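Structural characterization, general
Below are the chains, spelled out letter by letter.
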Amino acid sequence: MTAQRTITEEIGEIGVWLMGEFGGRVPAAVISRVLNASRRDLEGRIDPEELGEMFHTLCRFRLQRIVAGDQRITVKIPNARLA
């Protein structure tokens, strides 16, 4: 199994976990956009061995800010703010 496949699987598992945690409070489409944007922000910038942990932390932070509706933090995910 290649390192890239392992990272992809780990990111997929984190996505499932975050969908479960935030699914009742944030629309699935918003969670998906956060996951995709976070992955794009981190890939190639973080050591592959650390990518899973950083991905989880970044996604969870962004989703918590969306839930909190914190106007001080700008999350650059189109249509991510809940009304």
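The structure contained in this document is the topic of the report that follows. (Residues numbered from 1 in each chain as written. Predicted model: local features only at pLDDT ≥ 70, side-chain atom pairs only at ≥ 80, totals over all residues. Heavy atoms only, no water.)

Focus: the environment of Arg33
Turning to its location among the elements, Arg33 is positioned in helix H2 (residues 28-42). Residue Arg33 is classed as partly exposed on the basis of its relative accessible area, which comes to 29%. Taking the C-alpha atoms as reference points, Arg33 and Cys59, 26 residues apart in sequence, are found 10.0 Å from one another. (Helix = DSSP H or I, 4+ residues; strand = E, 2+ residues; numbered from the N terminus. Buried < 20%, exposed > 50% of the residue type's maximum accessible area, 1.4 Å probe, protein only.)

Some details on the nonpolar core
Counting residues in hydrophobic clusters, the biggest one holds 16 residues, and the most contacted among them are Leu18, Phe55 and Leu63. Contributions of two or more residues to this core are made by helix H1 (3-22), H2 and helix H3 (48-68). Setting aside residues no more than four positions away along its own chain, Leu63 makes contact with Leu18, Phe22, Val26, Ile31 and Val34. (Core = buried A, V, L, I, M, F, W, Y, C linked by side-chain atoms within 4.5 Å. Contact = heavy atoms within 4.5 Å.)

Some thoughts on H2
Here H2 contains 15 residues, and its C-alpha end-to-end distance of 21 Å stays within 8% of the 21 Å for a straight helix at 1.5 Å per residue. Of the positions making up H2, those classed as buried are Val30, Ile31, Val34, Leu35, Ala37, Ser38 and Leu42. Just past H2, the residue Gly44 takes up positive phi, approximately 85 degrees. (Expected span 1.5 Å × (residues − 1).)

A look at a negative patch on the surface
A grouping of Asp47, Glu49, Glu50 and Glu53 is seen on the molecular surface, where their side chains present a negatively charged patch. Judged by its relative accessible area of 39%, Glu50 falls in the partly exposed class. (Patch = residues over 30% accessible without salt bridge, like charges linked within 9 Å, V, L, I, M, F, W, Y side chains within 5 Å. Areas by Shrake-Rupley, 256 points an atom, 1.4 Å probe, with all protein chains shown as cover. Salt bridge = Lys/Arg side-chain N within 4 Å of Asp/Glu carboxyl O. Lys, Arg positive; Asp, Glu negative; His and termini not counted. Charge placed at Lys NZ, Arg CZ, Asp CG, Glu CD.)

A few points about the side chain of Ser38
As for its position among the elements, Ser38 is in helix H2. When its relative accessible area of 0% is taken as the criterion, Ser38 is described as buried. Of note is the side chain of Ser38, whose polar atom sits 3.1 Å from the side chain of Arg62. Apart from residues lying up to four places away in sequence, Ser38 is in contact with Phe55, Leu58, Cys59 and Arg62. (Polar contact = N/O pair within 3.5 Å; in protein donor to acceptor, adjacent residues only side chain to side chain.)

Some points on H3
Along its 21 residues, H3 runs 30 Å from first to last C-alpha, staying within 8% of the 30 Å computed at 1.5 Å per residue. A bend of about 25 degrees at Met54 is the largest found in H3. Among the residues of H3, those classed as buried are Leu51, Gly52, Phe55, Cys59, Arg62, Leu63 and Ile66. Near the N-terminus of H3, the side chain that reaches the backbone nitrogen of Glu49, with its oxygen 2.9 Å away, is that of Asp47. (Bend = angle between axes of the 7 residues up to and from the residue.)

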